[in-house]
Amino acid sequence: MQHVSSMIDLLSSAYVTGEDVAAHLRSFGECRVEVTRLERDGACTDFLAIEIPGLDAQAPRLGIVGRLGGIGARPAVSGLVSDSDGAVVALAAAAKMLGMAQRGDAMPGAVHIHTHICPRAGTRPHHPVPMMRSPFPMREMMAHEVSPRMDAILSVDTTRGNRLVNHRGVALTPVAKEGWLLPIPDLLLDVMSWVSGELPVTLPLTTQDITPYENGLPHVNSIMQPAIATSAPVVGVALTAQTTVPGCATGVTNAWDADVAMRFCIETAKLFGQRTLSFVNEEHWGQLQARYGSLAHLQGVGREPA
């Protein structure tokens, strides 16, 4: 909770930059962090790519993507917006894992954490409530947020602007891989119930939720967009609410829920690096491919309508 609160405080600024966050993380110990500023046509954001070292160089590598449009919607509103949760959780998890390593509890395998810092993102209309708008096209965002070094991905995103999950807390999506929606592993459900102390909650998805934004179709939000840019399996970690909350609303970030999501990511990283957890049943995946073929075309924009 201390790391979550510190990250909320750090990001609650109109002037915060990726370099500020990198300096904060480096204060916790050995940290490989790259900051890439992208600025064009009045839009700007700082992408962060963080590597938490692991004990076993050959262990599978978990990716944690803090997915968001921006941490702020200035000058339209002042303060930290609901949409910031993806960055808060991912960066707090990085700080916590670095602190763990300093105290002798290093991760079994390397963990790659990517997100971006944009205090001045725009908003866009969305039903039932407005959402934040990414500073650059989604495919370009994914080029920075998804790495080929990620063997599986947790995509953390605020998902309060819907009527699908009427529950305040954290929900998990099905696994998305190369156009397929696959079952959530039982062990992931177990981990969520352990860290939350509650029965696990799931976020239903449709096929179009895992297609690219550029096709113009409605999506629940951008939580599954990392799945368009990788062959690795992706699970969404959604911060949810009983009510529909705009992504650009301020005063909404709930430190308790963010802490649950952060601890879920860390415990998943441990199990994944230990090879105890797999996101995909390889035998079932092979059968799906043999019987029905590839659905990887759903990762692209598809054919233009006649």
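This text goes with the structure placed above it.
Reading guide: rules and limits
Residues numbered from 1 in each chain as written. Predicted model: local features only at pLDDT ≥ 70, side-chain atom pairs only at ≥ 80, totals over all residues. Heavy atoms only, no water. Buried < 20%, exposed > 50% of the residue type's maximum accessible area, 1.4 Å probe, protein only. Helix = DSSP H or I, 4+ residues; strand = E, 2+ residues; numbered from the N terminus. Arc of directions from axis to C-beta. Contact = heavy atoms within 4.5 Å. Pairing = 2+ DSSP bridges. Phe/Tyr/Trp six-rings, centres within 6.5 Å; stacked < 30°, edge-to-face > 60°. Axes fitted to C-alpha atoms, helices over the stretch in contact; angles between N-to-C directions. Parallel < 35°, antiparallel > 145°, perpendicular 65-115°, else oblique. Left-handed = near helix turned anticlockwise from the far one by under 90°. Expected span 1.5 Å × (residues − 1). Polar contact = N/O pair within 3.5 Å; in protein donor to acceptor, adjacent residues only side chain to side chain.

Asks: Requested: an account of helix 4 (residues 138-145), with residues and values cited.
Replies: Of all the positions in helix 4, only M138, M141, M142 and E145 are classed as buried. The buried residues of helix 4 occupy an angular sector of 100 degrees when projected down its axis, which confines them to one face. Residues of helix 4 that are buried in the fold lie against strand 2 (43-52), strand 3 (62-66) and strand 4 (111-117).

Asks: Provide a residue-level description of the pairing of strand 11 (residues 234-240), including the pertinent values.
Replies: With 7 of its 7 residues buried, strand 11 lies for the most part within the structure. Side chains V234, G236, A238 and T240 project from strand 11 onto one buried face, and the interleaved V235, V237 and L239 project onto a second face that is buried too. When strand 8 (residues 169-177) meets strand 11, the two strands line up antiparallel, connected through 6 bridges. Bridging from a neighbouring strand, V170 pairs with L239 of strand 11.

Asks: Give a detailed account of the packing of aromatic side chains, specifying residues and quantitative values.
Replies: According to the stated counting rule, one finds 2 aromatic pairs in the structure shown. Aromatic side chains W180 and Y292 sit 6.3 Å apart centroid to centroid with 50 degrees between the ring planes, which places their arrangement in the tilted category. Placement of the pair is W180 in strand 9 (residues 180-182) and Y292 in helix 7 (residues 282-292), with a sequence separation of 112 residues. Using a relative accessible area of 58% as the deciding quantity, one classes Y292 as exposed. Considering the side-chain rings of F272 and F279, the 5.6 Å spacing of their centres and the 70 degrees angle between planes classify their relative orientation as edge-to-face.

Asks: Can you explain the packing of helix 1 (residues 2-11) against helix 3 (residues 85-102)? Please cite residues and give values.
Replies: A pair of packed helices is captured by two measures, namely the crossing angle of their axes and the spacing between those axes. At their nearest, the axes of helix 1 and helix 3 sit 9 Å apart, and the two run at 125 degrees to each other. Here helix 1 is positioned oblique relative to helix 3, judged by the angle of their axes. In this structure, the crossing between helix 1 and helix 3 has a hand that is right-handed. Counted together, H3, V4, M7, I8 and L11 of helix 1 and A87, V88, L91, A92, A95 and K96 of helix 3 form the full contact between these two elements.

Asks: A description of helix 6 (residues 255-273) should follow, citing residues and the corresponding values.
Replies: A rise of 1.5 Å per residue sets the reference length of helix 6, with its 19 residues, at 27 Å; its end C-alpha atoms lie 27 Å apart and thus fit the reference within 8%. Taken across its 19 residues, helix 6 has 14 buried, putting it largely inside the fold. For helix 6, the N-terminal capping position is held by N254, with its side-chain oxygen 3.0 Å away from the main-chain nitrogen of W256. Immediately downstream of helix 6, the backbone of R275 shows phi near 65 degrees, a positive value.

Asks: Tell me what's going on with the pairing of strand 7 (residues 152-158), and back it up with residues and numbers.
Replies: Counting buried positions along strand 7 gives 7 out of 7 residues, so the element sits mostly inside the fold. Of the two faces of strand 7, the one carrying A152, L154, V156 and T158 and the one carrying I153, S155 and D157 are both buried. Inspection of the sheet shows strand 3 paired to strand 7 by 5 bridges, in the parallel sense. Residue pairing for strand 7: G66 is matched across the bridge by V156. Here strand 7 runs beside strand 11; their pairing, made up of 6 bridges, is parallel. Opposite L154, over in strand 11, you have V235 as the bridge partner.

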